Structure formats: structure tokens, C-alpha cells
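Here is what each chain is made of, one letter per residue.
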Amino acid sequence: MIHTIRIISKTREEDLIGKSVFEEIKKSFPKTSIHDVQFVKVYRLEGIGEKQAKTLAEKLFFENLNQDFRINKSFANGKKQSVEIAYHPAVMNPEVGSI
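The rules behind each value
Residues numbered from 1 in each chain as written. Predicted model: local features only at pLDDT ≥ 70, side-chain atom pairs only at ≥ 80, totals over all residues. Heavy atoms only, no water. Salt bridge = Lys/Arg side-chain N within 4 Å of Asp/Glu carboxyl O. Helix = DSSP H or I, 4+ residues; strand = E, 2+ residues; numbered from the N terminus. Buried < 20%, exposed > 50% of the residue type's maximum accessible area, 1.4 Å probe, protein only. Core = buried A, V, L, I, M, F, W, Y, C linked by side-chain atoms within 4.5 Å. Contact = heavy atoms within 4.5 Å.

Is there a simple way to think about the pattern of salt bridges in this case?
Side chains that differ in sign of charge can pair as their charged atoms come close. The full count for this structure, using the stated rule, is six salt bridges. For the salt bridge of Glu58 with Lys54, the shortest nitrogen-to-oxygen distance reads 2.9 Å. A residue pair is termed a helical-turn pair when its members lie 3 or 4 positions apart in one helix, as Glu58 and Lys54 do in helix H2 (residues 50-61) at four residues. We classify Glu58 as partly exposed; its relative accessible area is 38%. Through salt bridges with shared partners, one network takes in Arg6, Arg44 and Glu84.

Next up, the structure:
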């Protein structure tokens, strides 16, 4: 089974990437119907149980001070749409080297 861990900022003020993307959308598409953007890191792990996924989330993937996480659940409660955008495969993700 593949477990999905989602990491999110606890407050909107701390979601700098979401705020930046939203401002860029408003600037590029002034008549857009998009009224909110929220940045969520998504990790998909295969070959481990839910208990191990929770341990990895707590000890490796998220910061307790300013982030929340969910395993196999979305943060998009009540939202009409959710879009996942991944890094281009040829672009180095600096977090990968530490895992």
C-alpha cells in the first residue's frame, strides 16, 4: 500500500509559497475565479505500514512548531478543487539529499 503524507503550514501567514503563488496568479490572470492557494508538501511512501509512516512524518518530514500533517487524508476539506503540481524530474530537490 502507498501511504500519502501531507504537510501544511499551521497558519496562512506562514504559508509563504501559497501566498506567493496566489499573488502571481492574480497578477497573471486578473479575472480568475481562484480565490485561495495553499501550499502542501506531499510524500508518497510504499513498502511501510501506517505506523512507520506516522513515525517518519513526525521525526523527519514536518516541524511541530509551525506545521501540521495528515496521513492518507486531504487538507482540502470543503474545497471544490485540488491540484497537485510536482517538481520537474530534472530539477534537484534539495530535501532529497537528506532523506
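Explanation requested: the nonpolar core in the structure shown.
Within soluble globular proteins, side chains that are nonpolar tend to cluster in buried spots. Ranked by size, the top nonpolar core spans nine residues in total: Ile5, Ile7, Tyr43, Leu45, Ala53, Ala57, Phe61, Phe62 and Ile71. Looking at this core, the elements that each hand over two or more residues are strand S1 (2-9), strand S2 (40-46) and H2. Per-element accounting of this core gives the leading share, three residues, to H2. Non-local contacts of Ala57, meaning those with residues more than four positions away in its chain, are made with Ile5, Phe62 and Phe69.

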